[in-house]
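These are the residues of each chain, in order.
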Amino acid sequence: METTLLYEWAAALWREFYPLSYACSRTACSSNEGAKEPSPEAARTLAATEETQLHLGQQMSQADLVVTYFPSLWIQWKQTRLADLPFLKNVEDFTGPRERSDLGFVTFDITADLRSIFDWNVKQLFLYLSAEYSTKNNALNQVVLWDKIILRGDNPRLFLKDMKSKYFFFDDGNGLKGNRNVTLTLSWNVVPNAGILPLVTGSGHVSVPFPDTYETTKSY
Amino acid sequence: LFVFSSGSMEPAFHRGDLLFLTNRIEDPIRVGEIVVFRIEGREIPIVHRVLKIHEKQNGDIKFLTKGDNNAVDDRGLYKQGQHWLEKKDVVGRARGFVPYIGIVTILMNDYPKFKYAVLFLLGLFVLVHRE
């Protein structure tokens, strides 16, 4: 265990002082240059995939575990327990127009390694999970389900489990019912000390299928 | 250009930071973007992040915003009966920023004595320099 920590600490120091050793800028990453394969113990402590891929409830075999030095993320919506399946209600949004609309409930896990996005000019990262889908009423809908501000110096590795959406997932109408193509993506807004404010979208995404019926009994 | 006068987007932007904006109408409005918008009947524009969008096939869009540092979305700030913002309310999109620069204008607004002092010093400077 100690050698792993020592390894990681040395690797972190290396990255701080020799940023060219890993080929990742704030906005884009190339997968091959500089990516090293460390010892299996180090790999096991940070379960990440080579690209930003989303795995739906699959167990990753040992062969897939490689520590990579560019932003990797892993969103998994929970389908292992019946209680965690996404479900719907049809209620009035008391803050909005007075009609009943679909309200979605999704539970998710997020695993993300954001170390390589932080360079000398990054003050903070505004990370957000958004759901994108299409309905009869609207060709494009995007709803932010969850967000987090990560300041420089905060732990850039997230292992969030059993997360519930921070904001109400209301549709403009009843378009979530039976919608099988609701896509979740993780994106981030880089806030520099001074300069451009880029908005980057992680390259993986997950589809959340909503059921055809409304849930009357339970809530989160 | 825009200078922040409130703390609703902290810790990203503080009072006095200067924001660079663009206003290309063809840029689509998407969640996560920082937009500057004006509420009908109010003078001061607000800079917040887009939380939710619903866009129709023909491009008509309605969206909701929220300040990073606020607990709730901006519906309470909109006009009475208004639940969404539209493209016409948008004044610009945030593209870049420089910190602290605008603090001088804020100090001058908040402390009129400071403004007079600055003007006085500027006047002195001009007089002295002419020699």
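Residues numbered from 1 in each chain as written. Chains lettered and ligands numbered in written order. Predicted model: local features only at pLDDT ≥ 70, side-chain atom pairs only at ≥ 80, totals over all residues. Heavy atoms only, no water.

Quick look at the overall build of chain B now. Scanning chain B from N- to C-terminus turns up two helices and seven strands. Secondary structure elements of chain B occur, N-terminal to C-terminal, as β-β-β-β-β-β-β-α-α. A buried classification covers 41% of the 131 residues belonging to chain B. Restricting to contacts in chain B with at least 6 residues of sequence separation, those with at least 24 account for 52%. Carbon and sulfur atoms make up 60% of the accessible area of chain B, which amounts to about 7600 Å² in all. (Helix = DSSP H or I, 4+ residues; strand = E, 2+ residues; numbered from the N terminus. Buried < 20%, exposed > 50% of the residue type's maximum accessible area, 1.4 Å probe, protein only. Contact = heavy atoms within 4.5 Å. Areas by Shrake-Rupley, 256 points an atom, 1.4 Å probe, with all protein chains shown as cover.)

Residues and elements named next belong to chain A. Counting 32 residues, the largest nonpolar core has Ile110, Leu114, Leu125, Leu127, Trp146, Phe169 and Val182 as its most contacted members. Residue assignment for this core shows that the elements contributing at least two residues are β4 (107-113), β5 (122-133), β6 (140-151), β7 (157-164), β9 (182-192) and β12 (206-208). Broken down by element, this core gets its largest block of residues, six residues, from β5. (Core = buried A, V, L, I, M, F, W, Y, C linked by side-chain atoms within 4.5 Å.)

What follows concerns the interface of chain A and chain B. At the interface, 34 residues of chain A touch 32 residues of chain B. Across the interface of chain A and chain B, roughly 2500 Å² is buried in total on both sides, 56% from carbon and sulfur atoms. Contact with chain B buries surface across chain A, with A:Leu140, A:Gln142 and A:Leu197 losing the most and accounting together for 23% of the total. The salt bridge involving B:Lys62 is made with A:Asp172; its shortest N-O contact spans 3.1 Å. Seen at the junction of chain A and chain B, the total is 17 residue pairs in polar contact (both at pLDDT 80 or more). (Buried area = accessible area lost by both parts, 1.4 Å probe. Salt bridge = Lys/Arg side-chain N within 4 Å of Asp/Glu carboxyl O. Polar contact = N/O pair within 3.5 Å; in protein donor to acceptor, adjacent residues only side chain to side chain.)

Residues and elements named next belong to chain B. Enumeration according to the criterion identifies 11 salt bridges over all chains in this entry. Between Glu40 and Lys79 there is a salt bridge, with its nearest N and O atoms 3.4 Å apart. Highlighted residues: Glu40 in the loop between β3 (34-37) and β4 (46-55) and Lys79 in the loop between β5 (61-66) and β6 (85-86), separated in sequence by 39 residues. In this structure, Lys88 engages Glu40 in a salt bridge whose closest nitrogen and oxygen atoms are separated by 3.6 Å. Taken as a pair, Lys88 in the loop between β6 and β7 (90-98) and Glu40 in the loop between β3 and β4 lie far apart in primary sequence, 48 residues in all. Accessibility expressed as a relative area gives 42% for Glu40, which makes it partly exposed.

Cis rather than trans, the peptide bond between B:Glu10 and B:Pro11 has omega equal to -5 degrees. One non-glycine residue with positive phi stands out, namely A:Asp162, at about 55 degrees. Assignment of secondary structure puts A:Asp162 in strand β7.

Looking now at the environment of B:Pro11. Positionally, B:Pro11 belongs in the loop between β1 (2-3) and β2 (18-22). According to the relative accessible area criterion, B:Pro11 is partly exposed, its value standing at 27%. Measuring from C-alpha to C-alpha, the distance between B:Pro11 and B:Asp68 comes to 8.2 Å, with 57 residues separating the pair along the chain. Ignoring anything within four residues of it in the chain, the contact list for B:Pro11 reads A:Lys123, A:Gln124, A:Ile149 and A:Leu151.

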